[in-house]
Every structure is written in C-alpha cells, then in structure tokens.
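Remarks on the overall topology
Listed below are the residues making up each chain.
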Protein chains: 2
Amino acid sequence: SNMSHEIALKRLNMLKGHFRPSKDLKRELSTSTFNLSKAQESLWNTLPANYFETFECISELHGIPDPSLYNAEKDELRKDSNEFIIRLTNKMFEKGFTTPEKIAENIDAFNSGMISLGSFNFATCTRYLVQYGLYCKTIKNLGTERHHQELIDGCSLKTLGCFGLTEMGHGSNVRGIEITATYDKTTKEFILNSPTKTAIKFWIGALAKSAHNAVIFAQLYINENGQKVRKGVHAFVLPIRDRMTHTSFPGVEIGDCGYKKGLNGIDNGWIKFEDYRIPRESLLNRFADVTEDGVYQTAIESEGKRFGNSMSSLSGGRVFISRMSSEISLQSLSIAIRYAAVRRQFGPSDEETLLLDYPLHQYRLFTRFAEHFVHYLGANRLVKMWDKNLPKLLDEGNEQTEVIHALSSSMKAFVSWSSQSTIDECRKACGGHGYSFYSLFANILNFNDLHATWEGDSHVLTMQNQKFILNGIRKALKGKKVPETLEYLSLAQTTPPAFKGDFENIDELAKLFAQRASFLANKAAKALNEYEGGFEQGFLDLQSFELKDMSSAYHDNYCIETFRAFLTTVDDESVRSIFEKLLLLNFYTKMHNDGNFFVAALGLSQFEKLKKHINKSLKHLRKNIILLTQVLPFPERSMGALGHGDLQVYDRYLQHIKACKGVTERASWWKLAYTNSEQKN
Amino acid sequence: SNMSHEIALKRLNMLKGHFRPSKDLKRELSTSTFNLSKAQESLWNTLPANYFETFECISELHGIPDPSLYNAEKDELRKDSNEFIIRLTNKMFEKGFTTPEKIAENIDAFNSGMISLGSFNFATCTRYLVQYGLYCKTIKNLGTERHHQELIDGCSLKTLGCFGLTEMGHGSNVRGIEITATYDKTTKEFILNSPTKTAIKFWIGALAKSAHNAVIFAQLYINENGQKVRKGVHAFVLPIRDRMTHTSFPGVEIGDCGYKKGLNGIDNGWIKFEDYRIPRESLLNRFADVTEDGVYQTAIESEGKRFGNSMSSLSGGRVFISRMSSEISLQSLSIAIRYAAVRRQFGPSDEETLLLDYPLHQYRLFTRFAEHFVHYLGANRLVKMWDKNLPKLLDEGNEQTEVIHALSSSMKAFVSWSSQSTIDECRKACGGHGYSFYSLFANILNFNDLHATWEGDSHVLTMQNQKFILNGIRKALKGKKVPETLEYLSLAQTTPPAFKGDFENIDELAKLFAQRASFLANKAAKALNEYEGGFEQGFLDLQSFELKDMSSAYHDNYCIETFRAFLTTVDDESVRSIFEKLLLLNFYTKMHNDGNFFVAALGLSQFEKLKKHINKSLKHLRKNIILLTQVLPFPERSMGALGHGDLQVYDRYLQHIKACKGVTERASWWKLAYTNSEQKN
Ligand SMILES: Cc1cc2nc3c(=O)[nH]c(=O)nc-3n(C[C@H](O)[C@H](O)[C@H](O)COP(=O)(O)OP(=O)(O)OC[C@H]3O[C@@H](n4cnc5c(N)ncnc54)[C@H](O)[C@@H]3O)c2cc1C
Ligand SMILES: Cc1cc2nc3c(=O)[nH]c(=O)nc-3n(C[C@H](O)[C@H](O)[C@H](O)COP(=O)(O)OP(=O)(O)OC[C@H]3O[C@@H](n4cnc5c(N)ncnc54)[C@H](O)[C@@H]3O)c2cc1C
C-alpha cells in the first residue's frame, strides 16, 4: 500500500472504536513490555495492498450488520451477499479508488484487498472471489481481445458470473470432467452436453440464483476427417440466463445445491446442458482456437501443458486461502485470549482465577498464537511473491511460477489444517459461550473447513509440493541451482542431525530445522528409490509418512526463514524481542509435538527440557498477550460478542442475546407442551 | 437386553432396508474373510438395554424425516424435537414397553436406550436427556417421597422440565453460582433472587420455550440468630410458567439464548429471578432440609460432601456422552468409508482408482476406525458398569462410584476429543460432497463439539481423573488395594519400559501399554512431589505435559483391557481374527503417534518399522472394511445421503438435492442482479 502507516493507523483505529479503559484492560496493559505502534508499523508493512482502503469503504456503507448479530435464512443470506458486493464495489468506483478498467488490468491487486472482507462476512468475501478471482480472471487469463468487453462487464458488475469447473464426479481430477463441447461448423457453434449424472457441473458458486453468465470447462471435440476427436479441457464463457426473465435458457437446467455445512450465503448450484448451442467466439482462445471451418489451432503441442496453463492462474486462490486461514486463526485466538482475560473460574473465593492465568489455558492458546503468527507472516510474503510474479505468470521458462505453485500448495494445506484445530480449540477455550453463534466461532470454523477442500484438495496439493521437492533433490544432485524455498537442500543432510546448540539461539534452531528439512527430503527420496514395489507404488504407500514429513518440514522451514527475514526489518528493540519470543515458542512446540524426529535429534534429556522452555515462554508472553492482540489489524466488528478490545465481555454478550428476534416471546407451538396434560384454564 | 439376537437382528435389518446388490457392493463383499452375523452377535451383546426397542418404536412413528433431508429454522426444529419426544414416549407407553412409574424406577435404563436416538436426530436425543436424565433424575436422586408426584408427572411428560445449574458466570465451578434462595419463615417460602448479571441462569435446555418447571440450583441462605448464613448449593423444583398462558410468572424473566453453533432444535434459555417465592417443599431434601421455622438440618456435615452428593448422579451424562461420541465417530467413518468404495478420482482413464484403494485414504480412515471401534467397546462396558452401580450409587463407602466418576471423566474427554478430529477427517475425506448438509457431517460435528463442554468441561474432568490416579499411587505405595482400572499401578514401573517383544502379540503389546501407564503415572507423581513451586503449582504447571500423559495412558490402558476381555467372548475364529487386527492397528498407530514416548521404548529402528506394520494392517483391513461397517448396528436413515449400505451414492444424493425447496426456482430478490445493468425487456 502507498498509504502511510499513520493514515492506516488512524483509519483502522477509527474502525476499531475507542477502548473504554476497563479494569481488566488496564491490568493487562500494565504488564506489557513493548511499543504498540512500532509493532503495528512493522506488521502492517507486510500486509497486501488495498487492505485498509477496503475497510474504509466498508465503514462508509450503512446497514452492514455486525456478523455476530447476523443470522438469517439461506435465501436472505444470499441476497445480502450479492447486495453487499454491489454496494461495496460501487462505493469504490464512486470514491475513485478504482474503475472497471483498472480492475481488469490487475484483478488480483483488487482481490487481495477484498479478502480482508473475510473477517467481516465470509459469504461476501467468497462472492467477491467468485466474481473477480474466478470468473473475471479466467476470462482475462484464458481469453483474448475478443473477450475484453465481457471482462469489463464482469468487473463493473454489469454481468454476474460464475466459474464452472467441478462436476458431480470430478473435483480433484478435473482433467477427467465429462461435459462435452462439440464444434458444429455448419452453424459455427459449439454444442454443450452433459452426457451422464456425474457430468452435471456441481458446487458452482453464484450459479444457483445470481449469475447471468458462466465460464464452463468442457472436453472439446472437433470433427477431423469424419471422426470426433477429443482435444482436452477448454474453457468457454457463455450466457446461461435470459436477461429478460432471469430464468435459464432452453437446453440449460440450473438448480441449487441446497444447504451446506457453512457459507449458506453463497448460492452454489448445479447445471446440466442438453444440446445447448453457443457461438464459436465463446471459446477462451488464448492458448488454442478453433477456426470457423473447425480446424483446431494451438501453439502448445502438449495437451497436458495446455491444461496446466489454463489452471495456473488458480494458484491465486491458494495464495489467498493461506492468508485468510492464518488471519482467521489469529482472529479466533484474539477472541479466546481476550475472553480469558475477563473470565474467571475456580480459585480463591474473593476473586476467582482468570482463565488466562492457568498454565494449561496459556498452553492451549499461546502456543497456537505463536504458530499462526508465524504462518501469517509466511502468507503475507506469499501474497507479495504472487503479486510480483503475476505479470509474467505464464512466461515460458519462468521458474518462479512453479515455485509459487508448490509453495502455495503446501501453505494452503498446512496452514488451513492447523487453523482448523486451532479454531476448534478457541471455541472450546471459551466454554459454553464459545458455542454461541454470537461468539463467531461457528462461522469461522465452517469457513475454514472448506479451505481443505476447495481450490484443490489439500492432500492432492501436498503431493504436488512433494513432486517439486523431489525434483529439487534431483537438481541439487546434478549440481544445478535449486529453486527458491529449497535452498536448504544444499545442506545435503543424509544422516539425522544432532543438536547441541543453545535453545535461546534463533539462528542455531533455524539451522536445525533446515537440516531437518534436508534430511527428511533425502530420507523420503531414498525410501522411494529403494521402494520394493517401485517408485509409483512407493509414492502412494509413503504418503502418510516419509512424504508427508518431507513436505511438512519444507513448510516449517519456509515459515521460519520468512519470519527471520521479517525480524531483520524490525528496528524497535522491544518489538523485536517480543516477536523473537513468539518464534522461540513456536520452535519449542514444534519440537515437542514431533517426538518422532526430535527425541533422537535432541537426545531424550534435552527433549524433556523442552517443557521447561515452553513454560518459561508462556510466562513471558502472559505479560504481553493482550497487547499482542492489538497489534493485529482486525476491526472490532470482526471480533464477535466475546472478543472486543475493550474487554467488556458480559455486557456486549447480553446485548447480542437480547437482540435476537422473539427472545422473550412465547413460541407459536406452545400448546404442544400440553399434549400430555391439561392446560389449566 | 433380554431380546434374543435373532429378533434384534431381524428388527434392525428391517430398519436397515434391503441392500440392492450393486456392482460396487458385490465387489467389496467378495473379498471379506469373516462371518457377518457372528460378528454382529458378538458386538451387539455389548450394547445397552433398550437399544433395539427404541428403534422399533421409532420405526412405527410416521412422518419422522430422514435427518439428512431435514433442515429447518430454529423455531421449527424446536417444535419438532418436542413433538418427537412426546410421540415416541407415548408410543412406548402404548406398546407397553414401559410406564411412567417404571421409568421413575430406573430412569437411566430408559435413557440408555434413548441415546441411540442420537443417530437419528441429535436435538431429540438431547431433549430426552434434559427431560429424563437431568430434570427427572435430579428430582429422583435429590428429592424424597414428597416429590414423587412431580417425578411421575415428569416421566409421563405431563410436566416438561429443565435443569438449571449453569449461570452466565459459572459453568465449571458451579459451587460458585450466585443465585440465592433465602428462607422466609413467616410465609414458609424460599425467595429466589439473581443478584448480578453473571447470576443469570444460562444455557438451560428446554427453558426458553418449552418447560413448565425447572430444577434450580441456588445458594441457600438461612437466618440464624439474626444473621443470613450461607449453607451452600441446593436444588429446588419449581414451576416457572403459568399453565394457563404458558408465560412466565411475575418475578421470573425467561429468554432465549438464541442461535448456537449446532443443536438449534433445543431451546436453551436464560432465567432471572426477582423476589420469586416458592414453597418450602420445593427444596429437594434428601440430603438436607429446612424445617418450617427455618432450621437447617442435615446428616452430612461437610458442605463439600453434600455438594458432591448432589452432583454425583451427573456422571451418567458423561457415561452416555462417551457412548454417543464413539458411536457417531463410527457412524461418520462408515459414511466416509462407503463413499470411498464408490468414489473414484485419478488413475487409469478407463476406470479411475477408488479412493478406498489409495493407501493415504486407508490410513486416514482405517486407523481411526480401529481407534473408535476400541473406544466403542470401552464405552459400552462403561454403560454396563454404570447401570450395575446405579442402585448403590450414593451408598457410603461405595468405591465403585469413585471409579466410575474418574473413568467416565477421562472417557468423556479423550473419546470426544478424538472423535472431533475423526469426524472432521471424514468430512474432508468426502471432499466437496462432505460439505453438503445432506452428508450429515455438519450436524454430527456440531453435536460432538459440545461434548467437550457440557456435562463438565473435558479439561476440568481430566483433572479429576488425574487426582484419582494420584490417589491410587498413594494407595499402591501404602500396599493397599488399588481401585478397579488402576491395577496396572502394581507394576510399579519407575524406569521407562523397553519393548523387545513381538509386534503381532497382543498380550505383549498390552503389557507395554500397562507399563507405560504405570511409568507415566509414577513419573508425574515424582515430578509433582519434586516440583519447585510446590504440589499445587505443579498441578497447574504440569497439566499440558506429565499429567495429561498420565491420564491419556490410563485411558488407553482401560480401552485395551476392555477390548482384550471382549475378544475372549468371541467364539468365531474369523471374527476374532478381524477384531484382533483392529486392535493391532490401534496399537501401531498409538505408538507411531506418540514418538515422545515410543521412540525410546522401542528404539529408533523398531519405531521406524511401525510404518510397515501399519501398511500391512491397512492392506488386510481393505478386504473387510465394507463388511465391517455392516457389523455396526446403525440404521440406514442415520447414514445420510452418501453412506447407505447399498453403496448407491450418486442417485440418492441427487434425490436429496432435488428435494430441497425451491431448488430450480428464481430467487425472490432476482432483480438485484440487474443493479448495474439494464434488465433487457
Ligand atoms: C462450498 C463449495 C464451493 C465450491 N465452489 C466451486 C466453484 O465455484 N467452482 C468450481 O468449479 N468448483 C467449486 N467447488 C468444488 C471444489 O473445488 C471441489 O470440491 C474440490 O476441488 C475437491 O474436489 P472433490 O469435491 O471432487 O473431492 P475429491 O477429488 O472427490 O476428493 C475426495 C477425497 O479423496 C481424496 N483424494 C482424491 N484424490 C486422491 C489421490 N490421488 N490420492 C489420495 N487421496 C485422494 C482427497 O484427499 C479427498 O479427501 C466448490 C466446493 C464447495 C464445497
Ligand atoms: C448447548 C448447551 C446446552 C447446555 N445445557 C445446559 C443445561 O441444560 N443445564 C445447565 O445447567 N447447563 C447447561 N449447559 C452449560 C454447560 O454445562 C457448561 O457450558 C459447561 O459446564 C462448561 O462451563 P462454562 O461454559 O462455564 O465454561 P468455563 O468453566 O468458563 O470454561 C471455559 C474454559 O476454561 C477452562 N477452564 C475452566 N476451569 C479451568 C481450570 N481450573 N484450569 C484450567 N482451565 C480451566 C475450560 O477448560 C474451558 O475451556 C449447556 C451448555 C451448552 C453450550
């Protein structure tokens, strides 16, 4: 962002509201040891562009409800998410922050700001990603000049679009989709058909009720010498609803996927085609085209390569998910931590003990705070890498695209898996009140859960990351330069590393983690090469063990290295010191949670001492933890009823409860209570 | 149950419907190696009484929707859960299965059947537990002859009741509740008051809209020599709503807790008292009473002991939760496993690979299947222990009550924690379709999540279990007999055990786990005794490490021992062999997941070999896994759209989707899509 941090700070603080200095808050802040605004400055520097502008626009919209007060039926939620994106986008146009043309220039820059919407309302955020990140971006990346107006109409929201890749039967293996697009040169049209039940496009966001248009991926068939020849998966952009009636055209059947575990504010739908004809120009023809008389033309010979190209812009989704997922973990942790600074249970009868003073509670929350803080920095860096690489994404021989693909795959997988268990822990750490809708955990969990599945199943993505590392090993063995993020392979660690270093020394610990990543990579490669059933079978059989360990260690190393680089940008001593403590705690817990590796690496007696290091770190963080939640740039309205910065828990919670419709009214079905007894009247 | 297994089998199979022999099902069953009905016989023998009777009654009720088709608004869900319990109970009366008097005799026997309802509809199941397990049972356990009619009215559903223990400010530490009941001898009444915001009773199930009566726990105050003297927490039973209008009485304010993460079919409510007067006889006076002129009388001197007595029947809830939680994990696993026997993704293009054939997928699902199968047996045994002990629950010096308290505490905690991550894994193993409401995972997860919190927070319960074990060590040291489930302490293992045994030998492996439990108990006791900050501080500081390990090893040992005892009851060789395989796999994964302990116990090279043992077990289970899901006694309607035994996944799923209201209709708000463009008409 070009905005100065002062302005950013002011804007955010405006959104944050004023923290009335409650007794609890005063007590908590009195023990802090670092400078808040310096810490914010360092952290906010790593945020994506547009982050604060987006919040500013939101703050100017009226009638946007606090998400924790906002529970409605599916249909209403969908209406609201559509309305929200239209109003917000129009506000951005109105304020001159952007124009449809500017968005079309750099869709991701626009989107990466929009994803901060996540903490307001996940359905709205998803609605944005569908419209811009999936629909518009595919037109832009796979289309040509011919599709420019369609792109602009998408960016201006004249056209609402959706992105139809997944089918009932194919999600991870989208090369196996079944919908066919057959070229008919007599009419110069493609004919779309869904030949089977499993060919129905399924899960398509914004399809069920909103979209005018769809990007549809289908198997392209061309008539060559009287034979229908399959040319692989291609994308088309086409109208699906009649703009007069907003109902689907003949030959198109559209339906609702119904209720979901979460995100009911998005109208996911299914679509079935029967001899539906679309013009030749519908084909997004950047990498391949069909001439009027039905000749297939492409500069890229390999079908696999063409398919890869058409998928490569999807990495962006994974980049954003990594960020969102680490962000909502920190959001959840902030809620639970703030609640624990007010909630008391057991202990001396005059004043019971604060949950935050129980070492167990500290362990449950602070170790995870450290973990996700480290993830957060890793994700912010990844967003910047993505933005920088975007203009040359599809350039021939651009190795960076491959790096980002592999890195975003492991980040998305490992970050969102660990976030899931963290958010669940936060829910539980708030006891019964964490089960209330008003605490926000239900929404957050249901949103994060999805991150393991959409934009590529996380296990399948991890395998892509594994192939990248294995490739890196081959390069390293041949003495070639290894790609970014794999520098540790040059350590060529083939024997288990042993640590005799200092547990307070970040550099030494980081080296151990790099050695671990190198060792585990070489171990996995060796196991694969020597595998009895052969490499292919080994790749399947070793998934749960060696190969997973290898990717996980890669992920750890990337996050640690990113954090160390970040530390060098922090000038303020007090701030650097507290951030270092977070990294140290993260080292200790990672080691303690992976006895399979670290018992041997540290030796049993050093390993046992980790507990002491952890407890010591917890005690130190205890003094700073509430101020640390203030370093995060989340607006107050994303903190639910229990987590506002003023630590006024019970009053706000009661207000939320009492705002619920019909709270003290008699139910319409009250007479049911008298089925087995007489009503006395 | 007295019913012969043949009848049970018939009844259940009737409920299960007929499995049309699909291609997938035939293929799966063709590789099985064990006798299904023998396996069912062995397993079903361990089930609680009433299990099948309950299902039979349900099958005779009409209009009970398939839970996976059933999504409605909070208000409607609540109506339905009330209606369901009334109709079902009346059906049981009608068929002569029971009477209100018989239920009152043995409430838990009735309830333990009812909990099988869980797999149909969690809100209904909870509604039962509130009415019978909490409201009626408290009257029975803490009341006297004087309250008999109230009890019968509860059992017959003439009175709908609720159970008010938790307050806004106190859940785990209920001894700290704030509501006061002050005796006024001039009118011979107690006066109820909620002095603060945190004193509001909160989360009380069935309070918001349904209940006529409440059991309310309050601090009892008596006037003694002109002084108001606190006598501690006592329970009262009282009417809260006017039976003429079903609105609350003056002095009573009742409200709704609003939306929750799950279980919205239960009307949790809050209640506030202001000078609300109730007759002297409202006091449930089994352990203490107040005479007409206001003299407090009790045979139990210690306030702590009185409080303990009034809470002890609550262990029943934890017993049931252990069972429900292991049951719904197996239910979830069955769904995911059956889906994986149909779903194909990637692989050869003529026929893609079944998910069930991917070793990673096997690892994700089968290791957990083994784990929860072992839990399930442990929980079934616990239910039987509970039932047997019930008549002498509060007998002076009955050690078994203490054993069950400690055991149900650890079972509830460890089973429901691990279930949570298992159900989440099952959701993810089904990919996008697992995120559909119709797969049932959302409901199951949200229900199970609660198990960590209600009926006593699981961390707090674990501490109770720890105290029991530490006490056991003291007994063992003094040469006294140790209580049931702690027999392993006699091994007096003070040095880390080393295993040189046979990895196929269950007895030897079980011994290792017993030694581990003994060692970790002694290690924790030693760490506590030597703790610098003293025992009390140590008890807090060592929660996340030594003490948790101690309880977790206790839990493992109990489940393993229960399973071994179960194996001796299995006559059929083929069945015993497959059950043994499950236990072995459970040993291997437990060891591999706890490198902190087992790297040293096995030595690194044996530890590394665990992976091979796991892979071998997975391959063997692969052949039997679908038949294993048939051994479980779950009715088809609890298997959601993806998990029926006939393995007809896509057809049923599409039916479910298409049954959703308004599936292909235009949304009411469709014109919104034309905000930024003109509608063409
Ligand atoms: C709410 C929601 C919104 C969505 N929005 C859209 C949208 O707008 N547009 C769109 O096109 N799609 C959308 N999707 C679809 C989404 O992208 C897919 O669900 C996702 O790609 C996963 O595919 P799948 O569901 O077919 O899972 P599957 O591929 O069937 O995977 C199921 C399980 O099998 C495992 N598995 C798969 N392959 C292997 C293997 N080789 N080895 C081992 N294990 C394997 C996976 O780990 C997974 O656990 C959406 C989905 C949801 C739930
Ligand atoms: C849907 C629902 C239905 C319910 N129904 C009823 C009902 O019908 N009747 C009724 O009376 N109650 C009911 N409850 C209340 C329930 O029993 C309580 O929520 C439960 O006992 C936990 O108490 P709490 O919520 O106050 O959590 P707290 O006690 O505030 O615990 C919060 C967190 O602090 C931690 N913690 C607490 N003490 C310690 C300690 N000493 N050391 C370390 N950590 C600690 C816990 O582990 C937990 O994570 C219901 C709750 C829910 C959510």
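Higher on the page you've got the structure.
Small disclaimer: the values here were computed from a predicted structure and weren't measured.

1. What about helix H19 (residues 543–568) of chain B?
Residue and element names in this part refer to chain B.
- The end-to-end C-alpha distance of H19, which contains 26 residues, comes to 36 Å, matching closely the 38 Å that a straight helix rising 1.5 Å per residue would cover.
- At aspartate 549, H19 shows its maximal kink, close to 30°.
- Burial analysis of H19 places 19 of its 26 residues in the buried class, which makes it a mostly covered element.

2. As for the interface of chain A and chain B
- Contacts between the two partners involve 126 residues from chain A and, on the opposite side, 126 residues from chain B.
- Across the chain A/chain B interface, buried area totals approximately 11000 Å², and carbon plus sulfur atoms make up 59% of it.
- Taken together, the connections running from chain A to chain B amount to 12 salt bridges.
- Per-element tally for the side of chain A that touches chain B: the top contributor is helix H5 (residues 74–94) of chain A, with 8 residues.
- Residues that form the side of chain A that touches chain B fall into these classes: 48 nonpolar, 41 polar and 37 charged.

3. Some points on the environment of B:Thr196
All names here are of chain B.
- The topology assignment puts threonine 196 in the loop between strand E3 (189–193) and strand E4 (201–204).
- Between the alpha carbons of threonine 196 and lysine 272 there is a distance of 9.4 Å; along the sequence they are 76 residues apart.
- Within polar-contact distance, the side chain of threonine 196 engages the side chain of glutamate 178 at 2.9 Å.

4. Topic: the sheet that holds strand E4 (residues 201–204) of chain A
All names here are of chain A.
- Strand order across the open sheet formed by 3 strands is E4-E8-E7, with antiparallel pairing between neighbours. Two strands close off the open sheet at either side, each with one partner strand: E4 and strand E7 (252–256). Between one strand axis and the next, the sheet turns by 20° as a mean value, whatever way the strands run.
- The pairing of E7 with strand E8 (residues 269–273) spans 5 bridges and is classified as antiparallel.

5. Points about the pattern of salt bridges
- Counted under the stated rule, the structure contains 88 salt bridges over all chains.
- In this structure, the salt-bridge partner of A:Lys91 is A:Glu94, at a minimum N-O distance of 3.8 Å. In this pair, A:Lys91 and A:Glu94 both sit in helix H5, 3 residues apart, roughly one turn of the helix.
- Taking the relative accessible area as the measure of exposure, A:Lys91 reaches 13% and is therefore buried.
- A relative accessible area of 61% places A:Glu94 in the exposed class.
- The shortest N-O distance in the salt bridge between B:Arg516 and B:Asp556 comes to 3.0 Å. Of this pair, B:Arg516 sits in helix H17 (residues 506–529) while B:Asp556 sits in helix H19, placing them 40 residues apart in sequence.
- Under the relative-accessibility criterion, B:Arg516 is labelled buried at 4%.
- Exposure remark for B:Asp556: the relative accessible area of 6% places this residue in the buried category.
- What emerges from the salt-bridge pattern is a single network uniting A:Asp24, A:Arg27, A:Glu28, A:Asp357 and A:Arg622.

6. Topic: the relation of the copies chain A and chain B
- Laying chain A over chain B is done by rotating through 180° and shifting 0.0 Å along the axis; what remains is an RMSD of 0.0 Å. The symmetry that links the two subunits is that of a two-fold axis. Residue A:Gly595, judged by its C-alpha, is the member of chain A lying nearest the rotation axis, at 2.3 Å.
- When the interface residues of chain A are mapped onto chain B, 100% of them are again interface residues, pointing to one common binding face.

The rules we used
- Residues numbered from 1 in each chain as written.
- Chains lettered and ligands numbered in written order.
- Predicted model: local features only at pLDDT ≥ 70, side-chain atom pairs only at ≥ 80, totals over all residues.
- Heavy atoms only, no water.
- Helix = DSSP H or I, 4+ residues; strand = E, 2+ residues; numbered from the N terminus.
- Expected span 1.5 Å × (residues − 1).
- Bend = angle between axes of the 7 residues up to and from the residue.
- Buried < 20%, exposed > 50% of the residue type's maximum accessible area, 1.4 Å probe, protein only.
- Contact = heavy atoms within 4.5 Å.
- Buried area = accessible area lost by both parts, 1.4 Å probe.
- Salt bridge = Lys/Arg side-chain N within 4 Å of Asp/Glu carboxyl O.
- Nonpolar A, V, L, I, M, F, W, Y, C, P; charged D, E, K, R; others polar.
- Polar contact = N/O pair within 3.5 Å; in protein donor to acceptor, adjacent residues only side chain to side chain.
- Pairing = 2+ DSSP bridges.
- Axes fitted to C-alpha atoms, helices over the stretch in contact; angles between N-to-C directions.
- Least-squares fit on C-alpha atoms with pLDDT ≥ 70 in both.

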